[in-house]
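Structural overview for review
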Amino acid sequence: MPPVHSPHLPADHACLIVHGSDKPGIVAAVSAMITGIGGNIVAFDQFSDDHRGGAYFQRVVFHRPDFAADRPAIEADIASTLTGFELEWELTDQSVPKRMAILASKQDHCLLDLLWRHRRGDLPVTIPMVVSNHTTTAEDVRSFGVPFFHVPSVAGPDKSESEAEILRLLVGNVDFVVLARYMQILSPQFLERLGVPVINIHHSFLPAFIGAEPYRKAKERGVKLIGATSHYVTSDLDEGPIIEQDTIRVTHGDTVHELARRGADVERQVLSRAVLWHAQDRVIRHGNHTIVF
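All of these numbers come straight from a predicted model, not from anything done at the bench.

Tallying secondary structure elements over the protein chain gives eight helices and 14 strands in all. If one aligns the C-alpha atoms of the protein chain with their principal axes, the spans along those axes are about 60 × 45 × 35 Å. Here the protein chain, with 293 residues, has 44% of them falling under the buried criterion. Partitioning the contacts of the protein chain with sequence separation of at least 6, the portion at a separation of at least 24 is 66%. Summed over its atoms, the accessible surface of the protein chain is roughly 14400 Å², and 52% of this surface lies on carbon and sulfur atoms. Each charge class in the protein chain can be summarised by its mean position, and for the 28 positive and 36 negative side chains these summaries are 7 Å apart.

Further remarks concern the side chain of N200. Within the fold, N200 resides in strand β10 (residues 198–202). A relative accessible area of 10% places N200 in the buried class. In this structure N200 touches L179, T229, S230, H231, V233, D238 and L271, once residues within four positions along its chain are discounted.

Looking now at the packing of helix α7 (residues 214–221) against helix α8 (residues 256–279). Where α7 meets α8, the axes come as close as 9 Å, and the angle between the chain directions of the two elements is 120°. Taken as axis vectors, α7 and α8 run oblique relative to one another. Considering how the two elements wind past one another, α7 and α8 form a crossing that is right-handed. Seen from α7, the contacting residues are Y215, R216 and K219; seen from α8, they are V256, L259, A260, G263, A264 and E267. Along the lines of polarity and charge, the residues of the contact of α7 with α8 split into five nonpolar, one polar and three charged.

In this section: the environment of G84. With respect to the helices, strands and loops of the structure, G84 is situated in the loop between α2 (67–83) and β4 (88–93). Measuring from C-alpha to C-alpha, the distance between G84 and I26 comes to 9.9 Å, with 58 residues separating the pair along the chain.

In this section: the packing of aromatic side chains. Tallying each qualifying case throughout the model produces two aromatic pairs. Summarising the aromatic geometry, the rings of F47 and F57 are spaced 6.3 Å apart at their centres and angled 15° between planes, so their arrangement reads as stacked. Of the two residues, F47 sits in strand β2 (residues 40–48) while F57 sits in strand β3 (residues 55–63), which places them 10 residues apart along the sequence. By relative accessible area, which is 38% here, F47 ends up partly exposed. Where F62 meets F67, the ring centres are 6.5 Å apart and the plane angle is 85°; that geometry is what we call edge-to-face. You'll find F62 and F67 in the same group, each marked buried.

This part covers the nonpolar core. Counting residues in each nonpolar core, the largest one holds 30 residues, and the members touching the most others are I102 and L271. With six residues, α8 is the single largest residue contributor to this core. Beyond its immediate chain neighbours, meaning those up to four positions away, I102 contacts L111, L114, L115, I127, M129, V130, V131, V178 and A180.

For I226, the position within the fold is in strand β11 (residues 225–232). Relative accessible area serves as the criterion here: at 5%, I226 is assigned to the buried category. Along the primary structure I226 and F205 are separated by 21 residues, whereas in three dimensions their C-alpha atoms are 6.5 Å apart.

A full pass over the atoms with the stated rule returns 14 salt bridges. A salt bridge links R117 to D113; the shortest N-O distance between them is 2.6 Å. Taken together, the residues span about one helical turn, with R117 and D113 both in helix α3 (residues 109–120) at a distance of four residues. The partly exposed category is assigned to R117, whose relative accessible area is 21%. For D113, a relative accessible area of 11% puts it in the buried group. Between E139 and R142 there is a salt bridge whose closest N-O contact spans 3.6 Å. Of this pair, E139 and R142 are both found in helix α4 (residues 138–143), three residues apart, which corresponds to roughly one turn of the helix. Judged by its relative accessible area of 59%, E139 is exposed.

The rules behind these values
Residues numbered from 1 in each chain as written. Predicted model: local features only at pLDDT ≥ 70, side-chain atom pairs only at ≥ 80, totals over all residues. Heavy atoms only, no water. Helix = DSSP H or I, 4+ residues; strand = E, 2+ residues; numbered from the N terminus. Buried < 20%, exposed > 50% of the residue type's maximum accessible area, 1.4 Å probe, protein only. Contact = heavy atoms within 4.5 Å. Areas by Shrake-Rupley, 256 points an atom, 1.4 Å probe, with all protein chains shown as cover. Lys, Arg positive; Asp, Glu negative; His and termini not counted. Charge placed at Lys NZ, Arg CZ, Asp CG, Glu CD. Axes fitted to C-alpha atoms, helices over the stretch in contact; angles between N-to-C directions. Parallel < 35°, antiparallel > 145°, perpendicular 65-115°, else oblique. Left-handed = near helix turned anticlockwise from the far one by under 90°. Nonpolar A, V, L, I, M, F, W, Y, C, P; charged D, E, K, R; others polar. Phe/Tyr/Trp six-rings, centres within 6.5 Å; stacked < 30°, edge-to-face > 60°. Core = buried A, V, L, I, M, F, W, Y, C linked by side-chain atoms within 4.5 Å. Salt bridge = Lys/Arg side-chain N within 4 Å of Asp/Glu carboxyl O.

Function cannot be inferred from these measures alone, as they are strictly geometric.
Dropping the structure here:
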């Protein structure tokens, strides 16, 4: 199926992500290449952790008339330019919104916030579906014009049956998945078969209070700050590369319920920023870290 261009996104804009070992001349070579193909750079970011051959990262957004039609030739020019530098690269069409599926459970604050931001035009994505292990949010989701699918969780440790049904819905139909307080642990086999990035929101300022009931743990510990963390999901629970975090101050007088209520506001903001940055190709994964431009 050909990509669907959005009239709400800039036409003929491309994003080039480059990473590898730092060497002299990378910036000049990329800039000259874009000029040579008739492009105009509209945004340029770079980072190196050591100019003497350290890890190098670059994000360039450029305008090039008839980009989609001429993309194969443009990609050939990029490959020819970067081969000598031994750099990895990825090129995306910024006029094609990424397809984002959402997995959710009973709690709806992150789910409805993403749907609301999308309807306002604040998130440059399409949402082909919401999948939930509960039906409590079905009508709310459908009111946004988004298909809702109910896949009940299977009791016991073996989740293969429900995971297989979710994979049937997702594989080949989405570019990334967001866990909007989806209260199920995804197996390594599920993540491998899915094959696209998965973004989670954890209701804690990781690495503190990993796992379940972090607000109760925070209350018991007597912390003065609570927060939220959005990260990519890996096979290690709550250990994936962090995209965004934020905190708010709390006091000894806040109950567990009040911590959860106030924390929900932070969760919404942190997750929406992480989703936006991923959709805009601003996040580069490097081991267990991210570079966010």
